Amino acid sequence: MASGIIVWLLMMATLKLNPLLVKGEQQVPCLFIMGDSTYDNGNNNNLLTAAKANYPPYGIDFPDGPTGRFTNGRNIADFIAELLGFDKYIEPFATVKGVEMFRGVNYASGAAGILDESGIHLGDRISLNRQLRNHKVTISHMSTLLGNNMTLTKEYLSKCIYIVGMGNNDYINNYLLPQFYPSSLLYKPEKYATILIQQYEKQLKTLYRYGARKVAVFGLGGIGCIPAELDLYGTKDSACVDSINKAVQYFDDKLIPMIDDLNSNLPNTEFIYVNSTSIEIRDPSSIGITNLLAPCCQMSSTIANGQCKYGGGACSDRASHYFWDGFHPTEIPNRVTATRAYSALLPTDVYPFDISHLALL
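Predicted model only: the values in this text are computed from it and were never measured. (Residues numbered from 1 in each chain as written. Predicted model: local features only at pLDDT ≥ 70, side-chain atom pairs only at ≥ 80, totals over all residues. Heavy atoms only, no water.)

Chemist: Lay out the environment of Asp349 in plain terms, naming residues and giving numbers.
Modeler: If you trace the backbone, Asp349 turns up in the loop between helix H13 (331-342) and strand E5 (350-351). Each C-alpha atom of the pair Asp349 and Ile279 lies 5.7 Å from the other, and the pair is 70 residues apart in sequence. Those residues in contact with Asp349 that lie beyond four places of it in its chain are Tyr273, Val274, Asn275, Ser278, Ile279, Arg340 and Ala344. (Helix = DSSP H or I, 4+ residues; strand = E, 2+ residues; numbered from the N terminus. Contact = heavy atoms within 4.5 Å.)

What follows is the structure, encoded as structure tokens:
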């Protein structure tokens, strides 16, 4: 009798909260997102921080205007939700309430890192450790709504997809700013990458203990090619700051071994790796992008140099720009990243398979 009630509760939670699942259109009952400003959709809005995007011209092409997304329109998390068949975007932890959390929660935070100290010079931010604690709070609320049944809650969570994209700020807002952080003075690039991976693996194991079983881990892209780093470091004969890309590559190279280790040692789980470097657009002109260097919005000159100026202008040809501000892509590259993470174009895009296959498990 008790098991029958549990099954009924799970079905009601799934069908009531996810009507598209009844039609066979929504592929998983819920989607959880952990990450940085690439995925943030409003968690930083009320924090005391320079890393926020809830003002114009951010959101100029988003139906709701400025929401806290660090781009002109939709971010990667939004597109992945669309591809998985969700009828609306996943709510941020800062505002999600009640049964809405059964659809999933976005915990991502601008300036957040794997290391707690990354991004501290910008003010408050929700590091990955804090995002994990927030997820634990969500799980507790879900369990309460399901009759204080943690077994049922974890059974439900096991069917969800988790997106995790961290590490950018451990470089951009830590290792590459020796005036604020000693990490580059203490560690050579390969050693620093090892420290990050060791911490990251522990955090992903914590996520597993909380009930995650289907997890997509996004790697880092060409940080040395973003406008803010080009302005800060400059280049010689290269289009990018090669020393930065080389340092970041040490981190990316350690992700597949980490994924293998997690899949080998954690029962009944599937971690996959999304290779952002492989996915980066090789021929931008093929999708109408002709400007690879200049940010689209007017730049701020505050401590968060590289973000859009409050109320500043924006270029009219946004579809032709790769970068929205000094750090973040426009909507079009976000769409490409999400689409190829969901359905790989090249064998190197993902390992061992893409998000569409993860959803089927």
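Chemist: Which residues make up the state of the cysteines, and what values do they have?
Modeler: Here the structure, examined in full by the defined rule, presents four disulfides. With a sulfur-sulfur separation of 1.9 Å, Cys296 is cross-linked through a disulfide to Cys315. Classification of the bridge connecting Cys296 and Cys315 rests on its S-S torsion, roughly -95°, and on that basis the disulfide is left-handed. With Cys296 in the loop between helix H12 (276-279) and H13 and Cys315 in the loop between H12 and H13, this pair connects stretches of sequence that are 19 residues apart. In this structure, Cys296 and Cys315 share a single accessibility class: buried. (Disulfide = S-S within 2.5 Å. Buried < 20%, exposed > 50% of the residue type's maximum accessible area, 1.4 Å probe, protein only.)

Chemist: Would you mind going over helix H11 (residues 255-265) in detail, with residue names and values included?
Modeler: Buried within H11 we find Leu255, Met258, Ile259 and Leu262. Burial along H11 is one-sided: seen end-on, the buried residues are contained in an arc of 100°. The elements touched by buried residues of H11 are helix H8 (189-209), strand E3 (214-218), helix H10 (242-253), strand E4 (270-274) and E5. (Arc of directions from axis to C-beta.)

Chemist: Residue-level account of the packing of aromatic side chains, with values.
Modeler: The geometry of an aromatic ring pair is captured by two quantities: the separation of the ring centres and the angle between the planes. In the structure shown here, the tally under the stated rule is 17 aromatic pairs. Centroid distance Phe32 to Tyr107: 6.4 Å. Interplanar angle 20°. Geometry classified as stacked. A residue pair is termed long-range when its members are at least 10 positions apart, and Phe32 in strand E1 (residues 31-35) and Tyr107 in the loop between helix H3 (76-83) and helix H4 (128-145) qualify at 75 residues. Note on Phe32: relative accessible area 0%, which makes it buried. An aromatic cluster of at least three residues, connected via ring pairs, comprises Tyr55, Tyr58, Phe70, Tyr310 and Trp324. (Phe/Tyr/Trp six-rings, centres within 6.5 Å; stacked < 30°, edge-to-face > 60°.)

Chemist: Break down the environment of Asp317 for me, with residues and values.
Modeler: Among the secondary structure elements, Asp317 is positioned in the loop between H12 and H13. For Asp317 and Ile289, which are 28 residues apart along the polypeptide, the C-alpha to C-alpha distance reads 9.7 Å.

Chemist: How would you sum up the sheet that holds E1? Please name residues and give values.
Modeler: Here we have five strands laid out as an open sheet, ordered E1-E2-E3-E4-E5, and mixed in their pairing. What marks the edges here is a single partner per strand, and that holds for E1 and E5. Where E1 and strand E2 (residues 161-165) come together, five bridges link them in parallel fashion. By the bridge assignment, Ile33 is partnered in E2 with Ile163. (Pairing = 2+ DSSP bridges.)

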